[in-house]
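Summary of structural features
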Amino acid sequence: MKISEVISKLEQWAPRALQEGYDNAGLLSGDADEECRGALCCLDITQKVLEEALEQNCNLIIAHHPLVFQSIKSLAGNTLVNRLLVFAIKNNVAVYAFHTNLDNVLSGVNAAFANKMGISPIGRQILYKKSRQVAKLYTYVPKTHHLQVQKALYATGAGQIGLYENCSFSALGTGTFRPMEGSKPFIGSTDGPLETLEEIKLEVIFPVWLKENVLQALHNAHPYETVAYEIVITENTHPETGSGLIGNLEYPLEETEFLSLIKAKFHLSVIKTSPLMNKKVQKVAICGGAGSFLISHAIRQGADVFITSDLKYHDYFEADGKILLMDIGHYESEVATVELMTGYINSKFPNFAVLKTKVITNPVQYFT
């Protein structure tokens, strides 16, 4: 199996098109066409993680955080990133980052976070759904081939709206064209009259990351030599993509009970919080990693608590007596992602060696 096959499966789960504009997800070094002997999943890439990969005969590292985040003009310097990247290249270890695209799917980073703390899987939703995640295709098909093209588009995943699939709209009309010299028309000839034909205008929506597959299916199924179509990016959100997650505990807990639960589940020595509100906790909003930008969304959706990391001093004022804010640490809020990635790859390639790192890469320590 090639490294590219592993990457392809990962990006079916969390397409790279979903990464944030500032991010650097994808294959950062290595040859995608090489045979993959084994993969090691981790949160961060450190020297110890690279050495672990070599010891375990893994020539692919799948990390949540990109090793290369900002542009590199030279590999000659003695910076940490340069040293690690050169070591990976010299030892033929491919490095792949699975970052904000995995943050931005409902079954990704925040699902692992939610599972660990006991948020019910029933009724979970994206905390902040982003717009412009859905495109609409308009195309014009001869009436005789309408169903053929429609089925081909559905097979790519186009036409799903919420819990409904195979959704589209069709309207009958008349198409006209005159074949020009060198063309190979479906009907008519280059020296013939203007052609008119009963055509169906077919409309179907699809997630933006399926664009390439949708267009390929359209061209393969359509009888015309030159296919007329339009694609429009809509303001629609996609129900399973966006930032953060919100859901409910199976039963309400007192604030101090909930804090003790989180402390135990995530092996914490300390939790930073806004002032306690002395009310029960049931509706919980979360964001693995740095999530201060979601505080207002958590309040607007009526969450009792918002758990994330990297909150700054002034962020705590935004609680304003409306919500309990909890900062449990960046590493702690995302470490369950390693097991999530490992489990996913195992489910797709059951006979493939995929390992979860034993190295604790958390750079933050607490003196207690």
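Just above sits the structure.
This report concerns the structure included in the present document.

Criteria and thresholds
Position numbers for residues start from 1 in each chain and track the written sequence from start to end. For this predicted model, a pLDDT threshold of at least 70 governs which residues receive local features, and a threshold of 80 or more governs which side-chain atom pairs are given and counted, while totals over whole chains, interfaces and linings are taken from all residues. Computation of side-chain values covers all heavy atoms of the structure but excludes hydrogens and water. Numbering goes from the N terminus for both helices and strands, where a helix is a DSSP run of H or I of at least four residues and a strand is a run of E of at least two. Only protein chains enter the accessibility calculation, which uses a 1.4 Å probe. A residue is then buried if its area is under 20% of the maximum for its type, exposed if over 50%, and partly exposed in between. Any two residues whose heavy atoms approach within 4.5 Å are treated as being in contact. For the area figures, the Shrake-Rupley method with a 1.4 Å probe applies, and any residue is considered shielded solely by the protein chains shown. In this description, a nonpolar core means a group of buried Ala, Val, Leu, Ile, Met, Phe, Trp, Tyr and Cys residues linked to one another through side-chain atoms lying within 4.5 Å. Think of the arc as the fan of directions from the helix axis to the C-beta atoms. By the convention used here, strands pair only if DSSP detects at least 2 bridges between them. Simply put, an axis is a line fit to the C-alpha atoms, just over the touching stretch for a helix, and the angle between two N-to-C directions goes from 0 to 180 degrees. Think of a 1 Å grid over just the protein atoms. A cavity is a set of points where a 1.4 Å probe fits yet cannot get out, a pocket is an open set with protein on both sides within 12 Å along at least five of seven lines, and lining residues have an atom within 4 Å of a point. Grid points are joined across faces, edges and corners, and a volume is the space filled by probe spheres set on the points. Put simply, Ala, Val, Leu, Ile, Met, Phe, Trp, Tyr, Cys and Pro go in the nonpolar bin, Asp, Glu, Lys and Arg in the charged bin, and everything else, Gly too, in the polar bin. What counts as a salt bridge is simple: a side-chain nitrogen of Lys or Arg found within 4 Å of a carboxyl oxygen of Asp or Glu. Orientation is classified from the angle alone, with under 35 degrees giving roughly parallel, over 145 giving roughly antiparallel, 65 to 115 giving roughly perpendicular, and any other angle giving oblique.

**What to know about the overall build of the protein**
Of the regular secondary structure elements, the protein holds 11 helices and 15 strands. Principal-axis analysis of the C-alpha atoms gives the protein an extent of 90 × 55 × 40 Å. In the protein, which comprises 368 residues, the share counted as buried stands at 48%. Partitioning the contacts of the protein with sequence separation of at least 6, the portion at a separation of at least 24 is 72%. Per element, the accessible surface of the protein, about 19000 Å² overall, is 51% carbon and sulfur.

**With respect to the nonpolar core**
With 30 residues, the main nonpolar core has Leu10, Leu60, Ile62, Phe98 and Ile345 as its most contacted residues. Elements supplying a minimum of two residues to this core: helix H1 (3-13), strand S2 (39-42), strand S3 (60-63), strand S4 (94-97), helix H5 (109-117) and helix H11 (336-348). Of all the elements, H11 adds the most residues to this core, at six residues. For Leu60, the contacting residues outside a window of four places in its chain are Ile3, Val6, Cys36, Gly38, Ala39, Leu40, Val93, Ala94 and Tyr96.

**Considering helix H8 (residues 255-265)**
When we look at burial in H8, the residues that qualify are Glu255, Phe258, Leu259 and Ile262. Viewed along the axis of H8, the buried residues span an arc of 100°, placing them on a single side of the element. In H8, the exposed positions that point more than 90 degrees away from the buried face belong to Thr256 and Ala264. Tucked into the core, H8 has its buried residues touching H5, strand S10 (242-253), strand S11 (272-273), strand S12 (281-290), strand S13 (305-309) and strand S14 (324-327).

**Structural notes on the sheet that holds strand S1 (residues 26-29)**
If you trace the five strands from one edge of the open sheet to the other, you get S1-S4-S3-S2-S15, paired in mixed fashion. Edge positions in the sheet fall to S1 and strand S15 (354-356), since each has one partner strand and no second. Looking at each pair of strands side by side, their axes are set apart by 25° on average, direction ignored. Sheet analysis places S2 next to S3, joined by four bridges and oriented parallel.

**Notes on the layout of surface pockets**
Volume-wise, the largest pocket comes out at about 960 Å³. Looking at the largest pocket, it is lined by 33 residues, and the ones nearest its centre are Pro15, Pro207, Trp209, Leu210 and His238. Going through the elements one at a time, H1, strand S8 (195-207) and helix H7 (211-221) are the ones with two or more residues in the lining of the largest pocket. For the lining of the largest pocket, the element with the most residues is H1, which contributes four residues. A breakdown of the residues in the lining of the largest pocket according to their chemical character gives 15 nonpolar, 13 polar and five charged. Looking at the second largest pocket, its volume works out to about 680 Å³. Lining the second largest pocket are 30 residues, with His65, Pro66, Phe69, His99 and His330 sitting closest to its centre. Considering only residue class, the lining of the second largest pocket consists of 12 nonpolar, 13 polar and five charged.

**A look at the pattern of salt bridges**
Counted according to the given criterion, the structure contains 10 salt bridges. Residue Glu11 pairs with Arg16 through a salt bridge whose shortest N-O separation is 3.0 Å. For Lys130, the salt bridge is made with Glu20, and the minimal N-O distance between the two is 2.0 Å. A residue pair is termed long-range when its members are at least 10 positions apart, and Lys130 in the loop between strand S5 (125-129) and strand S6 (134-142) and Glu20 in the loop between H1 and S1 qualify at 110 residues. Judged by relative accessible area, Glu20 falls into the partly exposed class, the value being 22%. Connected via shared salt-bridge partners are Lys136, Lys201 and Glu203.

**Points about unusual backbone geometry**
Phi is positive for His267, close to 55°, though the residue is something other than glycine. Here His267 shows up in the loop between H8 and S11. The backbone of Asn278 sits at a positive phi, close to 55°, despite the residue not being glycine. Tracing the backbone shows Asn278 in the loop between S11 and S12.

**Quick look at the packing of helix H2 (residues 47-55) against helix H3 (residues 80-90)**
Orientation of H2 relative to H3, taken along the N-to-C sense of each, is 10°, at an axis distance of 10 Å. On the basis of the axis angle, H2 is roughly parallel to H3. Side by side, H2 and H3 meet where Gln47, Leu50, Glu51 and Leu54 of the first sit next to Leu84, Phe87 and Ala88 of the second. For the contact of H2 with H3, the class distribution of residues is five nonpolar, one polar and one charged.

**Some points on the pairing of S8**
Most of S8 is tucked away: 10 of the 13 residues are buried. Sheet analysis places S6 next to S8, joined by nine bridges and oriented antiparallel. Residue pairing across strands places Ala135 opposite Phe206, the latter belonging to S8. Note that strand S7 (residues 169-177) and S8 share nine bridges and pair antiparallel. Across the sheet, residue Ser170 finds its bridge partner in S8, namely Leu202.

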